[in-house]
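Here is how the chains run, residue by residue.
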Amino acid sequence: MTPNHDFQTVRTLIARNAALYPHKTAMKEFETGRSCTFEDLLERAKKIGSALHGMGVKKGERVGIMSQNSYEYMELVLSVTAAGYVFVPVNFRLAGREMAGVLSDAEPVVLFVQEQYVKTAQEIKGELPSVREYVHIGPVETRPDGWRGYEEMIQCAAPMGWVEALDEDDLAMLMYTSGTTGAPKGVMQTHLNLYHCGRTCAFNNCIETEDIGFTICPMYHVTATTSFFGPFYRGATSILFQKFDAEALFEAAREEHIVAGMLATPMVRMLLDVWPSVKDRCDVSSMKKLWFAGAGIIPAVYKQFIDTFGCILGEHHGTTETTGVTANLSAKDIAKELTDDNLRILESCGRDAYDCEVLIVDDNDNPVVAPGEGEMKVRGLGTSLGYWRKEEQTKKAFRNGWFYTEDICHIDEKGYIYIIDRKKDMIITGGENVYPAEIEKVVNEHPAVRESSAIGVPHPVWGEAIAAIVVLNDGATLDAAGLIQYCKGRIAGYKVPKIVHFIPEMPRNPAGKISKPELRKQFGAA
């Protein structure tokens, strides 16, 4: 029998949903109420593909976007990839110069620009010789001369539909990493990767066709891809948010009866902070299948969320390179372990996700015997093709079908994985290896501390000294001497911070994780 390699694609998902649920709402933007059915989405996706073909875009060429979350953004994610072109989302939080760096690397031939980024696009236009067409997303009166209009482009498209043949191994998206280890790298995600992303998210979180999903994470990030494609795979409706707003999410739960969706780590704490002010007017009982990713949550905060809303919040470990989830800690697993008084489960990121294999290996690439520690490596249907035009970095991270995450982990007898720290973040002080997470765990247990991060700073005797960067809870007071004294006896003496800095808030990367590179810039010479 001839293998069928054109089925597991974004095009299949769009067409299947339109065939099965033509008049059902596919997606709705919460702030504006704009929506479309699955049948509408199919028609518009074909028109967008036809319009791009009419502009001369060829299969495999890149199409970029400078925009915040929007209805048009997600429509383009689906339409550009389904047409056989490669979608390039740009982190809207970057400075213009940084956006230019991403786009000049990707070399898109068409660039969609939301109204508020027109000025930036015009400023960097000279650095983007590959761009042949600019398409404006916004009111006609603010459209620059010579640019096409988004809706006009769709309305004028020839009714020819999709013209390019698709294969599941075709490149679908060029998603740039947050660049915490240097310049952002374009991760080459295929149609199979995106199809898998939806399937594994749906299975991991038990999403049903009748559920209402939501996407509130930034759409340039893999968390949003996961959050949208999970419900989309099942033919479920998705509510789209232009930005994260805790009160708006609670209101959406009340009005739209949302059931399933993904949060970035900081959002969990923000929801808890806002809840007391809205709980009397917002019924959120529909929310049953939430999950988060980005970094671990302080166990006390995790437990507070469960005590407040019930055991409805699971955790994903994932990477851009694996097109989302690699390990999954389900709410069901959490409930079972908490019944057995295993509070440590709240520190785990779970076990292998669907269609993924996770191994914890030693320095010689041998699987460690549980319980044990080592580096996480992953393989599965989400494993991307590597880094765009970065052969050496691809060879280093992707080896023999596996992606090496550089996460140092502990695995227990049940197969639950616990992230210890990033390999590159290890501190060497006085010849001793110290993982920052060991310190952060203790510091975060202090009742005055909201969150913390530990880094190594140069020291003439020890090589590196441990510095703790701390954010306090509102109204709390604590000084360096008090925190250092608190740590003594709770961790080994050489792990106790020698330096403490208090700051109002942590710098974060696009994934919502605390940015240690930025902290090193600020405090690394201390």
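The preceding data block contains the structure.
Residues numbered from 1 in each chain as written. Predicted model: local features only at pLDDT ≥ 70, side-chain atom pairs only at ≥ 80, totals over all residues. Heavy atoms only, no water.

## Topic: the overall build of the chain
Summing up its helical and strand segments, the chain has 16 helices and 26 strands in all. Its C-alpha radius of gyration of 23 Å places the chain within 12% of the 24 Å reference for a compact globule of 526 residues. Across its three principal axes, the chain shows a C-alpha extent of roughly 70 × 55 × 50 Å. Partitioning the contacts of the chain with sequence separation of at least 6, the portion at a separation of at least 24 is 67%. Surface exposure of the chain reaches about 21,700 Å², of which carbon and sulfur atoms provide 50%. Of note, the chain has its 55 positive side-chain charges centred 1 Å away from the centre of its 70 negative side-chain charges. (Helix = DSSP H or I, 4+ residues; strand = E, 2+ residues; numbered from the N terminus. Rg over C-alpha atoms; globule rule 2.2 N^0.38 Å. Contact = heavy atoms within 4.5 Å. Areas by Shrake-Rupley, 256 points an atom, 1.4 Å probe, with all protein chains shown as cover. Lys, Arg positive; Asp, Glu negative; His and termini not counted. Charge placed at Lys NZ, Arg CZ, Asp CG, Glu CD.)

## With respect to the packing of helix α3 (residues 71–82) against helix α8 (residues 222–233)
Direction vectors running N to C along α3 and α8 enclose 65 degrees, while the axes themselves pass 12 Å from each other. Compared by their axis directions, α3 and α8 come out roughly perpendicular. In terms of crossing hand, the pair formed by α3 and α8 is right-handed. When α3 is examined against α8, the residues Met74, Val77 and Leu78 are found in contact with a partner set consisting of Phe228, Phe229 and Phe232. Residues that form the contact of α3 with α8 fall into these classes: 6 nonpolar, no polar and no charged. (Axes fitted to C-alpha atoms, helices over the stretch in contact; angles between N-to-C directions. Parallel < 35°, antiparallel > 145°, perpendicular 65-115°, else oblique. Left-handed = near helix turned anticlockwise from the far one by under 90°. Nonpolar A, V, L, I, M, F, W, Y, C, P; charged D, E, K, R; others polar.)

## Quick word on the pairing of strand β4 (residues 86–89)
Residues Val86 and Val88 of β4 are buried on one face, and the alternating residues Phe87 and Pro89, pointing to the opposite face, are buried as well. In this structure, strand β3 (residues 62–66) lies alongside β4, joined through 4 bridges in parallel fashion. The residue bridging Arg62 from the neighbouring strand is Val86, located in β4. In this view, the connection linking β3 to its parallel neighbour β4 by way of α3 has right-handed handedness. (Buried < 20%, exposed > 50% of the residue type's maximum accessible area, 1.4 Å probe, protein only. Pairing = 2+ DSSP bridges. Right-handed = clockwise from strand over helix to strand, strands pointing away.)

## Considering the pairing of strand β11 (residues 237–240)
A two-sided burial pattern is seen for β11, the buried positions comprising Thr237 and Ile239 on one face and Ser238 and Leu240 on the other. As paired elements, strand β10 (residues 212–215) and β11 share 4 bridges and run parallel to each other. Across the sheet, the residue bridging to Gly213 is Ser238, located in β11. A crossover connection joins β10 to the parallel β11 through α8; in handedness this β-α-β unit is right-handed.

## Focus: the packing of aromatic side chains
Two measures describe an aromatic ring pair: the distance that separates the ring centres and the angle between the ring planes. Counted under the stated rule, the structure contains 22 aromatic pairs. Taken together, a centroid distance of 5.5 Å and an interplanar angle of 80 degrees make the contact between Phe292 and Tyr302 edge-to-face. Taken together, the positions of Phe292 in strand β13 (residues 289–293) and Tyr302 in helix α11 (residues 299–309) put the pair 10 residues apart, joining distant regions of the chain. There is no split in this pair, since Phe292 and Tyr302 are both buried. When the centroid spacing of 4.9 Å and the interplanar angle of 40 degrees are considered together, the rings of Phe398 and Phe403 count as tilted. For the pair Phe398 and Phe403, one class covers both residues: buried. Feature note: the residues Phe7, Tyr195, Phe203, Tyr233 and Tyr354 constitute an aromatic cluster, connected by ring pairs. (Phe/Tyr/Trp six-rings, centres within 6.5 Å; stacked < 30°, edge-to-face > 60°.)

## Overview of the sheet that holds strand β14 (residues 313–319)
Pairing between the strands of a sheet comes from backbone hydrogen bonds, and it takes one of two forms, parallel or antiparallel. Spatial strand order, β2-β1-β11-β10-β12-β13-β14-β15-β16: 9 strands in an open sheet with mixed pairing. Of all strands in the sheet, those bounded by a partner on one side alone are β2 (35–37) and β16 (351–352). Strands in contact with helix α2 (residues 38–54) are β1 (25–29) and β2; relative to β2, the strand with the most contacts, it is inclined by about 95 degrees.

## Focus: the nonpolar core
Core analysis: the largest hydrophobic core is formed by 128 residues, its most contacted members being Leu52, Phe112 and Leu263. Of all the elements, α3 adds the most residues to this core, at 8 residues. Once you skip the residues sitting within four places of it in the chain, Leu52 turns out to touch Val57, Val63, Val80, Tyr85, Val110 and Phe112. Counting residues in each nonpolar core, the second largest holds 20 residues, with Ile439, Ala448, Val449 and Leu478 among its members. (Core = buried A, V, L, I, M, F, W, Y, C linked by side-chain atoms within 4.5 Å.)

## Some thoughts on the sheet that holds strand β24 (residues 449–459)
If you trace the 3 strands from one edge of the open sheet to the other, you get β24-β25-β26, paired in mixed fashion. The open sheet is flanked by β24 and β26 (499–502), the only strands paired with a single partner. Put simply, the sheet's adjacent strands are angled 25 degrees from each other on average, direction ignored. Note that strand β25 (residues 463–472) and β26 share 4 bridges and pair parallel. Paired with Ala467 across the strands is Ile499, a residue of β26. Along the sheet face, helix α14 (residues 436–444) touches β24 and β25 and points at about 140 degrees away from the line of β24.

## Focus on the environment of Asn364
The topology assignment puts Asn364 in the loop between β17 (356–361) and β18 (372–380). For Asn364, a relative accessible area of 63% corresponds to the exposed category.

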